[in-house]
Amino acid sequence: MTTSDSNRRPHGFATRAIHVGYDPASAHGALTPPVFMTSTYAFETVEDGLAISSGEKPGYVYGRTRNPTQTILETRIADLEGAEAGLALASGMAAISATLWTLLGAGDRVVIDQTLYGNSYVFFTRGLTRFGVSVTVADLTDPDDFAQALRTRPKLVYFETPANPNLRVIDIAAVAAQAHAAGARVIVDNTFATPVLQRPIELGADLVVHSATKFLGGHGDLLGGVVVGSQTDIAQIRGHGLRYLTGATMAPLTAFLLLRGLKTLELRVQRHSASAMAVAATLAAHPAVRQVFYPGLLASPFHPIAARQMRAFGGLLACELSGGIEAGRHFMNQLTLAHRAVSLGDAETLVQHPASMTHAAYPPEERHRHGISDGLIRLSIGLETPEDIIEDILQALEASQQRG
Ligand SMILES: *Cc1c(COP(=O)(O)O)cnc(C)c1O
């Protein structure tokens, strides 16, 4: 099902998200792929085992590195991202750490953008640095600052766009060109946009990582991660980063749930984006709100690049209230439909406070320097009826204003 006849146009995104990598004829006609709950695989002969283990013959050896349900998922997500190959792991952090531990060694240098998911930031600045990797933090929205950072001769450049939590947008094609000219390879965390809205490989990135826990799964019921890139890179990350550096294997049932999630990914992300746009406009027009961070708003400094690089603007936004951190706390506590929770990309609207939750691992002075203010509130707009989400936000804003 992966390719259509050569004289027909290629299948669209939603078709591929539903069909690629699985043929029911391979499993008794079962419409839905089976979950292979097995830790190991039996070889017909010793010779066969040797041929499969050495990679001479296709097949499965042991569940830490491969599982047939996981293979379907890897084929499908690689296709959706426009990459040659994919690898599924136990969480987003597993995908990120297995990838970087595979590609970097002591003495290597890496450049990261100043705004990353809190644990990714700490993985680089306090994790990799313990093993002789030097990390330079730069503002990748500023070509001059990035050019200066590239003078350190990094092996890799790593960033998110839109960035967690303040929705800064980085020009993937420009950064990739600048990095490649300096001999560095580029890794993009595409968790916020998903391949529905943006495909970094097509814009020049070498590898793409995801927290599949978020939009790809989409239902708040699993933890997973993926990395996609060239056959060579992915084989290396599987053989080193997954096999013996982390052992962070995705469970077969998780691969099954992710395949289910992917079937509705395009529909969900379109709805998340439309509702987030409506919420952003409502917040921007409200007197209790000081600032809204959403690349879909014309007033956003990131709107032009986001409009060029993304098909819509995604389900995440952030804001700061006029009454500062106290008003923000009160606003969050007054919400009755939206849940106060970290994570994102679920059917439920989730609201969180980065400074005390997802980004608490940043030292406060770095958090402030990198534009993650104490009053910032991040909203992951869910799939509920849009009017209900807006009504809940408006009543909580009124309450926070009356108090302030
Ligand atoms: C959540 C998140 C991660 C980490 O993923 P886990 O699945 O929680 O390990 C990495 N990057 C971004 C942008 C995230 O939002």
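- Under an unreviewed UniProt entry, the chain has the name Aminotransferase class I/II-fold pyridoxal phosphate-dependent enzyme and belongs to Rhodovastum atsumiense.
- UniProt lists a comment for the chain under the heading Cofactor (unreviewed entry), and it reads "pyridoxal 5'-phosphate".
- The UniProt entry for the chain carries the following comment under Sequence similarities (unreviewed entry): "Belongs to the trans-sulfuration enzymes family."

## Description of helix α6 (residues 143-150)
- Of all the positions in α6, only Phe146, Ala149 and Leu150 are classed as buried. Axial view of α6: buried residues confined to an arc of 100°, hence all on one face. Opposite its buried face, α6 presents the exposed residues Asp144 and Gln148, each directed more than 90 degrees away.
- Elements in contact with the buried residues of α6: β2 (109-113), β3 (134-138), β4 (156-160) and α7 (172-181).
- By the N-cap criterion, in which a side-chain oxygen at the helix start approaches the backbone nitrogen of a residue two or three places on, α6 is capped by aspartate 142, the distance to aspartate 144 being 3.0 Å.

## A closer look at the nonpolar core
- Residues Leu100, Phe124, Tyr158, Leu283, Leu317, Phe331 and Ile393 are the most contacted members of the largest nonpolar core, which totals 99 residues.
- Lining this core are residues from two domains, each supplying at least three of them: domain 1 (10-263) and domain 2 (266-403).
- Setting aside anything within four residues of it in sequence, one finds isoleucine 393 in contact with Val279, Leu283, Phe331, Leu335 and Leu379.
- Among the nonpolar cores identified, the runner-up in size contains 17 residues, and Leu150, Ile170, Ala176 and Ala179 belong to it.

## Section: the packing of helix α4 (residues 92-103) against helix α9 (residues 231-246)
- Axis separation between α4 and α9 bottoms out at 8 Å; the angle between their running directions is 105°. The angle between α4 and α9 places the two elements in the roughly perpendicular class. Facing Ser97, Ala98, Thr99, Trp101, Thr102 and Leu103 of α4, the residues of α9 in contact are Asp233, Gln236, Ile237, His240, Gly241, Leu242, Leu245 and Thr246.
- Counted by class, the contact of α4 with α9 contains 6 nonpolar, 7 polar and 1 charged residues.

## Quick look at a nonpolar patch on the surface
- Together, Trp101, Phe131, Tyr244 and Leu245 make up a nonpolar patch on the protein surface, roughly 420 Å² of accessible area in all.
- Here tyrosine 244 lies in helix α9.

## Here we look at the site of the ligand
- Around the ligand, the structure places 14 residues, and the nearest of them are Met93, Asp189, Ser211, Thr213 and Lys214.
- Contact between the ligand and glycine 92: an oxygen atom at 2.8 Å from a main-chain N or O atom of the residue.
- Threonine 213 is positioned with one of its side-chain polar atoms (N or O) 2.7 Å from an oxygen atom of the ligand.

## Describing α9
- The largest bend along α9 measures about 30° and falls at isoleucine 237.
- Residues of α9 that are buried: Asp233, Ile234, Ile237, Arg238, Gly239, Gly241 and Leu242.
- Elements that come into contact with the buried residues of α9 comprise α3 (68-81), β1 (85-89), α4, β5 (185-189), β6 (207-211) and β7 (225-229).
- The first or second residue beyond α9 is glycine 247, which carries a positive phi of 65°.

## A word on the side chain of arginine 168
- Inspection of the secondary structure assignment puts arginine 168 in the loop between β4 and α7.
- In this structure arginine 168 comes out as buried when scored by relative accessible area, which is 7%.
- Side-chain polar atoms of arginine 168 contact the side chain of aspartate 139, separated by 2.7 Å.
- Beyond its immediate sequence surroundings of up to four residues, arginine 168 is in contact with Asp113, Gln114, Thr115, Asp139, Leu140, Thr141, Thr161, Pro162, Ala163 and Phe302.

What counts as what
- Residues numbered from 1 in each chain as written.
- Predicted model: local features only at pLDDT ≥ 70, side-chain atom pairs only at ≥ 80, totals over all residues.
- Heavy atoms only, no water.
- UniProt positions renumbered as here; feature names shortened; annotations may be inferred.
- Buried < 20%, exposed > 50% of the residue type's maximum accessible area, 1.4 Å probe, protein only.
- Helix = DSSP H or I, 4+ residues; strand = E, 2+ residues; numbered from the N terminus.
- Arc of directions from axis to C-beta.
- Contact = heavy atoms within 4.5 Å.
- Polar contact = N/O pair within 3.5 Å; in protein donor to acceptor, adjacent residues only side chain to side chain.
- Core = buried A, V, L, I, M, F, W, Y, C linked by side-chain atoms within 4.5 Å.
- Domains from an automatic or database assignment.
- Axes fitted to C-alpha atoms, helices over the stretch in contact; angles between N-to-C directions.
- Parallel < 35°, antiparallel > 145°, perpendicular 65-115°, else oblique.
- Nonpolar A, V, L, I, M, F, W, Y, C, P; charged D, E, K, R; others polar.
- Patch = residues over 30% accessible without salt bridge, like charges linked within 9 Å, V, L, I, M, F, W, Y side chains within 5 Å.
- Areas by Shrake-Rupley, 256 points an atom, 1.4 Å probe, with all protein chains shown as cover.
- Salt bridge = Lys/Arg side-chain N within 4 Å of Asp/Glu carboxyl O.
- Near = heavy atom within 4 Å.
- Bend = angle between axes of the 7 residues up to and from the residue.

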